[in-house]
Structure formats: C-alpha cells, structure tokens
Amino acid sequence: MNPDPADASREFHELLRSLPVWDTELPAFDPAQAPREPLPLFRRWFVEAAAAGQPEPHTMTLATVGEDGHPDLRTLMLHEADERGWHFASHSTSAKGRQLAARPHAALGFYWPAQGRQVRVRGRVAEGSAREAYDDLHARSAGALAAALVGRQSEVLGSYEELVRASEAAWRRARAEPEATAATWTAYVLEPSEVEFFQGDARRRHVRLRYRRQAGSWTRELLWP
C-alpha cells in the first residue's frame, strides 16, 4: 500500500520542526580577542572542532559558477590551510575543474555543529604546480589514488557495472604502481579575499566576524546576525 502523500508531507514537516539545533553547550567567542589575520583563528577553530568530536571537520562545501552563470556546489575535503590559502584538489576535467578554469573565483563553507560554528571563505582560485598535484595524490591512501586513476569525474555513467570494472582495474594499478599519477589531477588553492567566522549563541545573539583583505592587509568588522 502506497503511503498517503499528505501523511508523508505532514510527517516530514513535523520531523523537520522537531529536530534540535546545537543541542550542546556552545563555546564563547570574543571577537575583540581575535587575531589580526584569519588563518590563525581558522586553525584554532579547526583544532577545537576536532577535539569536540566533530566528524570530518575537514569536510567543506565548494561553490563555483557554472557555464550557465548559475551557482553550483559540492562537498569535498580540505587538504591544507596556510599563508597561501585554502587547498583542495580535483580533476581539471571535472565539472568544478572546468568551472574554475572559466571563472576562477569560488567560496568555501565549513559547518561544525558540535560547537555551533561556521566559517565562510571567498576568493580567487589558482592552480598549484604539477609537483604539488603529484605530492597531494600520493600523500593519501591507495584508495584515493585508485579513485583518481578511475578519472572521468562528472561524466555520464552508462551503468554501475562499468564503474565497478574501472574501479577494480584502478585498484590493481594503484597497488602495482604506487607512484602512478593521474594526468588531470590538479591542486587548487583558494586565495582568500574574505573570511567570515560565525559563532552560534543559544539566545540567537550570534557573533559574526568578517575579515576583508584590502591593499594587502586585513580589516575586521562585525556583522548583524
């Protein structure tokens, strides 16, 4: 018997409204004590998120602009955050790779609900060197190498069986040739022009601190929630 659409809609609505938000004690954040530049604060919040038990704190959302001028996004992993910017990697032939080649600006979003925190990063994206791409690919697991060797990311897949065959072949190669490389694997770095830190508050007096780069230095400003 098929469920009644009205009942399913009502159950979904009730569940949606019943879910707790930040059902934990949230840390305090005094923006007056924040460092002059965003990187040290990001690293500190990242470490604190991991210590608080936040699953996969290095997971982030990457937003780009497609050929049609509309926004696009996906979830991927942060590979580094340093003085150059926020690092990630992908195939240059993937949807995000093609979009970044055409419009090299993007935004990143981190959400760490274990502490009611968000970080947003905006800026220009540059490609790293071939050596950086190679080192990135081989700094991780054999599974990551195998996935990269499969390639064809974002292309239409004819069947799941086709993926299984390609994946098994890639795994065999990754084990036999641990130094193998994927020609289209590319390192990217988002060079920040804006970084915003959001600290949730149980009374909804959320703290938002935005850093903006101007003439080579950073300015800080508070935003209304």
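**Q** When you look at the packing of aromatic side chains in this model, what are you seeing that I'm missing?
**A** Pairs of aromatic rings are described using the distance from one ring centre to the other and the angle between the two planes. Here the structure, examined in full by the defined rule, presents 12 aromatic pairs. Ring geometry for Phe-42 against Phe-46: centres 6.2 Å apart, planes inclined by 35°, an arrangement best described as tilted. Here Phe-46 and Phe-42 lie together in helix H2 (residues 38-51), a separation of four residues that amounts to about one turn. An aromatic cluster of at least three residues, connected via ring pairs, comprises Phe-29, Trp-45, Phe-197, Tyr-211 and Trp-218.

**Q** Mind showing me how you'd approach the pairing of strand E7 (residues 185-199) here?
**A** Regular strands show a simple pattern: their side chains alternate between the two faces of the sheet. Counting buried positions over the 15 residues of E7 gives 12, a clear majority of the element. Both strand E4 (residues 86-91) and E7 contribute to a ladder of six bridges, which runs antiparallel. Looking across to E7, one finds that Trp-86 is bridged to Leu-190. Examined bridge by bridge, strand E6 (residues 117-127) and E7 share 11 bridges and lie antiparallel to one another. Along E7, the bridge assignment pairs Gln-118 with Phe-198. Taken together, the six bridges between E7 and strand E8 (residues 207-214) define a ladder with antiparallel strand orientation.

Reading the values: the criteria
Residues numbered from 1 in each chain as written. Predicted model: local features only at pLDDT ≥ 70, side-chain atom pairs only at ≥ 80, totals over all residues. Heavy atoms only, no water. Phe/Tyr/Trp six-rings, centres within 6.5 Å; stacked < 30°, edge-to-face > 60°. Helix = DSSP H or I, 4+ residues; strand = E, 2+ residues; numbered from the N terminus. Buried < 20%, exposed > 50% of the residue type's maximum accessible area, 1.4 Å probe, protein only. Pairing = 2+ DSSP bridges.

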